[in-house]
Amino acid sequence: MHKFRIISCFILLTTSQLLVAQFRGQQPKDKKLDPIVEQFVEEAMNHSQLEDMAFELLDVIGPRLVGSSAMEQANDWTIQKFNTWGIAAEKQQFGQWDAWDRGITEAVMTYPRIKTLEAIQLAWCPSTPKPVEAEVVTLPEIKDKEAFEAWLKTIKGKMVLIDQYQRWGRGDYQIKEFATPEAYEKIKEQRVRDTDAYNELIKNTGYTKKELPEILEKAGAVGIISSYWTGIQGANRIFGTTTQTIPTIDLAMEDYGMLFRLATKGKKPRIKVNTQSTKQGKRKSFNTIATIPGKEKPNEYVVLSAHLDSWDGGQGATDNGTGVLTMMEAARILKKYYLNNKRTIIIGLWGSEEQGLNGSRGFVMDNPQITKNIQVAFNQDNGTGRIANVAGQGFLHAYDYIGRWLEALPSEQRRHIETSFPGMPSGGGSDNASFTAAGVPGISLSSLNWGYFGYTWHTQRDTYDKIMFDEVINNVIVTTVMAYMASEEPEMVSREKRVLPEGSTWPEMREPKRDGN
């Protein structure tokens, strides 16, 4: 009986997927739109507020690291914007975090010549009471932990390079374009050998790479130098440090490579580093929650979701300023034209997503009465591109309702979207997973990446100029129409879950980290 059920489900799901593919291939271009949808489209296309909002959020407020004053400023700014549109909004606390505000970073090579370095301190980096000047050394070529412990005795008063040296400062895509096939294969093989050798070196220290900065600090190093290159020219990932008293800076791959070569060839390079930042104990962490009350079913909810926080190497433009702008603009348009929204529409702009979905997990945990009555939660969080993928997140009948909602879209937006039903539940990549774990259809509105993972994701290049506003307008239309259709749905949609493949389990609700450091 169990085997028959699985086979039946497989046939049903395969048929659903074929129906979706057929639906996408036969979309009428001249289908008459719902009059309210027409108003949504006209407003989004001709009266967009996206660029002005992006300027205020990204250029004026800037990156929004959890615990920073900029993050709280962003909470206040979003509330003020919602209020100007007649939408009630508030901050809801879910925890607290170590308060840290970034200051200046200065790094100069002072020997064997003078050169200003392209540097940025990592998040939560300590301030230097005065500039620190020291010799730069590399990790040693050692075979075991004993040799590494012996080397640690030699680094007092020095700065240590801890990342892999990059032999070629060109991305794979460029080498492939211009090198001969033979040279390209040779370079690829060498890069694999270099990575394997670096990983073996780290293993031989007896510590993980994450542990090394603290170990080096305890041994007397006066600074840690990293270079987390993405493989894209000019782009480094900027995360946080674990050192308590000494600076940790990330250098551009080119400057890092120069220091590495100088150090390994016996030139004993020296650099002077000045990092300034402010620590202020603990600061409360908030979500921004905006609400458009439902007129017919006020105790049932449609959630529009994006995370407001970011890493702070750049401006948090595509991760996740674009998601925030999409949800705010959708809310503005819904408030203006959807005057009799059946269900309550909640816009959740989450904090501390980057440290483990803490804001959205806190909301789900702290609002059980809302959570159990959520129709659907739409989440957007992967860059500036147009929405191109919608999956059922493991809910067995997701095709029934999402298929209907997609049909309401204009053909220009509909034709870009591929679907997968029922799909698999998200385990934790973004905030939709917090809702899926609670049994709520947490639907990711996944977009084309526009080089997201290599170029802007958590890098210092994630800035305003990377936003493609025509693509974001597309996403506003999709989000607005989907929220409207979900609100108008006659009944609550099914939450029945699919039979997962053997070895897979449904994700469980998790308590957020409420006291971070």
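Placed above this text is the structure.
Please read these numbers as outputs of a predicted model, since none were measured by experiment.

(A) View of the sheet that holds strand β13 (residues 418–420). Strands sit in the order β13-β12-β15 across an open sheet of three strands; the sheet is mixed. The open sheet has two edge strands with one neighbour each: β13 and β15 (446–447). Pairing geometry for strand β12 (residues 387–391) and β15, over two bridges, is antiparallel. Bridge pairing in β15 links Asn 389 to Ser 446.

(B) Highlighting the layout of surface pockets. Of the volumes computed, that of the largest pocket is approximately 870 Å³. Elements with a contribution of two residues or more to the lining of the largest pocket: β1 (88–111), β6 (223–226), β7 (248–251) and β8 (270–292). Per element, the largest residue contribution to the lining of the largest pocket is four residues, and it comes from β1. Looking at side-chain class alone, the lining of the largest pocket contains twelve nonpolar, eleven polar and nine charged residues. Of the pockets and cavities examined, the second largest pocket occupies roughly 440 Å³. Taken together, 21 residues form the lining of the second largest pocket, with Glu 141, Ala 197, Tyr 198, Leu 201 and Phe 260 sitting closest to its centre.

(C) How the structure looks around the side chain of Gln 460. As for its placement among the helices and strands, Gln 460 is situated in the loop between α16 (452–456) and α17 (469–488). Side-chain polar atoms of Gln 460 contact the backbone oxygen of Gly 234, separated by 3.0 Å. At 2.8 Å, the side chain of Gln 460 and the backbone nitrogen of Asn 236 are in polar contact. Not counting chain neighbours up to four residues away, the residues in contact with Gln 460 comprise Glu 118, Gly 234, Ala 235, Asn 236, Ile 238, Gly 313 and Gly 314.

What counts as what
- Residues numbered from 1 in each chain as written.
- Predicted model: local features only at pLDDT ≥ 70, side-chain atom pairs only at ≥ 80, totals over all residues.
- Heavy atoms only, no water.
- Pairing = 2+ DSSP bridges.
- Helix = DSSP H or I, 4+ residues; strand = E, 2+ residues; numbered from the N terminus.
- 1 Å grid on protein atoms, 1.4 Å probe; cavity = no way out; pocket = protein on both sides within 12 Å on 5 of 7 lines; lining within 4 Å.
- Points joined across faces, edges and corners; volume = space filled by probe spheres on them.
- Nonpolar A, V, L, I, M, F, W, Y, C, P; charged D, E, K, R; others polar.
- Polar contact = N/O pair within 3.5 Å; in protein donor to acceptor, adjacent residues only side chain to side chain.
- Contact = heavy atoms within 4.5 Å.

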